[in-house]
Amino acid sequence: MKQNFWWLAGALCGVAVVLILFLIKRSVQGQNCEYDERQTAARGKAYQYAFFTTAILELIYVCLEAAGISFADPSMGPLLGVLCGVAVFAVTAIFKDAYVSLRESTRSAILLPLFVLGVNLLIGIPKLLDGAAIVDGRLTFEAINLIIAALFAVVLAAIVIHWFRRKHAERDRGDE
Amino acid sequence: MKNLRLKSARAAKDLSQEALAQLVGVSRQTINAIEKGDYNPTIRLCIAICRVLGKTLDELFWEEDAE
C-alpha cells in the first residue's frame, strides 16, 4: 500500500514537471505547433492508422491472455499496444511530411526524441541487466523505459531516413 | 496530374517553393505536393496562391477535359 502511494506520487510528480515545462515553453515561444491543411489531413490519416494498430494489438493481447499465453504483465501488456500506436502515428506523419510543424525545424524535432531516448536508456539498461525488466520470460513494468527508448529510436530513425531521402530527391531534382 | 502551370507561374515570379510556401503560409512540401499533383489544395489555399502569383483560379487550377 505504502509502495503504491509512492509510485503514484512519483508518477504524478513526473506528469506535473512535464506539464510545467510545457507551459513554460509555450509561454516563451507561443503556440509552436501549427500545421498547414495538407499536414492536418495527413496527421488525421496517421491517427487513423495508429488507432487501428492499437485496437488490433490490444485485441491480440487479450486473445493471447485468454489462451493462457502471457508474454507481459497486465501492467505492461496493454501499454505495448498504445506505444506501438504512437510509433505508427509518428512514423506515418514523418513520411508524409506532417510531423514537423510550420515553425519547427527538423533539427529541433530531432532533439526531443534524442533526449528522451538517452534518458530512458540510462534508466532502462540497468533494469535489464539486474533482471527486473524480464521475469520468468515475461516483460514487467520495469521494462517500460526500454520500450519507450525503442519507440523513440524508431521515431529518430524515421526522421533521419526521411531527411536523407528528401535531401537525395532534392539533389536529383537540382532544386526547383 | 502534375500542375506545370503553377510551377511555371512560380518560376516566372522568380520564387522558390520555399518562398511561395512562406508567402501563402504552408510548408514547402505542400507546394511541392501540389505541383506534383499529389495533393489537391482547398479553395482557400488555391486563392492564396493565385493572389501571390497574380493569376486567376482558371489559369492555375482549371483542368480542361482530356477528350
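Before any of the text, the structure's been laid out above.
Summary of the structure given here.

Quick word on the interface of chain A and chain B
Between chain A and chain B, the residue contacts involve 10 residues of the former and 15 residues of the latter. Across the interface of chain A and chain B, roughly 1,000 Å² is buried in total on both sides, 47% from carbon and sulfur atoms. Viewed at the interface, chain B and chain A are joined by 0 salt bridges. Along the contact surface separating chain A from chain B lie 6 residue pairs in polar contact (both at pLDDT 80 or more). The set of elements that each furnish at least two residues to the side of chain A that touches chain B consists of helix H2 (37-66) and helix H5 (144-173) of chain A. Of the residues contributing to the side of chain A that touches chain B, the split by class is 1 nonpolar, 1 polar and 8 charged.

What to know about unusual backbone geometry
Despite not being glycine, Asp 97 of chain A shows a phi value in the positive range, around 55°. Despite not being glycine, Asp 14 of chain B shows a phi value in the positive range, around 60°. Within the secondary structure, Asp 14 of chain B is located in the loop between helix H1 (4-12) and helix H2 (17-24). Asp 14 of chain B sits in the exposed class, given a relative accessible area of 72%.

Some words on helix H3 (residues 77-95) of chain A
In an α-helix, one turn spans 3.6 residues, which is why side chains three or four residues apart end up on the same side. All names here are of chain A. Between the first and last C-alpha of H3 there are 28 Å, a value that for 19 residues agrees with the 27 Å anticipated at 1.5 Å per step. Of all the positions in H3, only Gly 77, Leu 80, Gly 81, Leu 83, Gly 85, Ala 87, Phe 89, Ala 90, Thr 92, Ala 93 and Ile 94 are classed as buried. Where H3 ends, the next residue or the one after it, Asp 97, has phi of about 55°, a positive value.

A short note on the packing of aromatic side chains
Residues and elements named next belong to chain A. Counted according to the given criterion, the structure contains 4 aromatic pairs over all chains. Note on Tyr 47 and Phe 89: the rings are 4.4 Å apart at their centroids and 20° apart in plane angle, and the pair reads as stacked. Of the two residues, Tyr 47 sits in helix H2 while Phe 89 sits in helix H3, which places them 42 residues apart along the sequence. Relative to Phe 71, the ring of Tyr 61 has its centre 5.8 Å away and its plane inclined at 85°; by these criteria the two rings are edge-to-face.

With respect to the packing of H2 of chain B against helix H3 (residues 28-36) of chain B
All names here are of chain B. Taken N-terminus to C-terminus, the directions of H2 and H3 make an angle of 110°; their axes are 8 Å apart at the nearest point. With respect to H3, the axis of H2 lies roughly perpendicular. Between H2 and H3, the contacting residues are Gln 17, Glu 18, Leu 20, Ala 21 and Val 24 on the first element and Arg 28, Ile 31, Asn 32 and Glu 35 on the second. Here the residues of the contact of H2 with H3 sort into 4 nonpolar, 2 polar and 3 charged.

Overview of the side chain of Thr 30 of chain B
Checked against the element boundaries, Thr 30 of chain B lands in helix H3. A distance of 2.6 Å separates polar atoms of two side chains, one belonging to Thr 30 of chain B and the other to Asp 36 of chain A. With near-sequence residues (within four places) excluded, Thr 30 of chain B lies in contact with Asp 36 and Arg 38 of chain A together with Tyr 39 and Leu 45 of chain B.

Rules used throughout
Residues numbered from 1 in each chain as written. Chains lettered and ligands numbered in written order. Predicted model: local features only at pLDDT ≥ 70, side-chain atom pairs only at ≥ 80, totals over all residues. Heavy atoms only, no water. Contact = heavy atoms within 4.5 Å. Buried area = accessible area lost by both parts, 1.4 Å probe. Salt bridge = Lys/Arg side-chain N within 4 Å of Asp/Glu carboxyl O. Polar contact = N/O pair within 3.5 Å; in protein donor to acceptor, adjacent residues only side chain to side chain. Helix = DSSP H or I, 4+ residues; strand = E, 2+ residues; numbered from the N terminus. Nonpolar A, V, L, I, M, F, W, Y, C, P; charged D, E, K, R; others polar. Buried < 20%, exposed > 50% of the residue type's maximum accessible area, 1.4 Å probe, protein only. Expected span 1.5 Å × (residues − 1). Phe/Tyr/Trp six-rings, centres within 6.5 Å; stacked < 30°, edge-to-face > 60°. Axes fitted to C-alpha atoms, helices over the stretch in contact; angles between N-to-C directions. Parallel < 35°, antiparallel > 145°, perpendicular 65-115°, else oblique.

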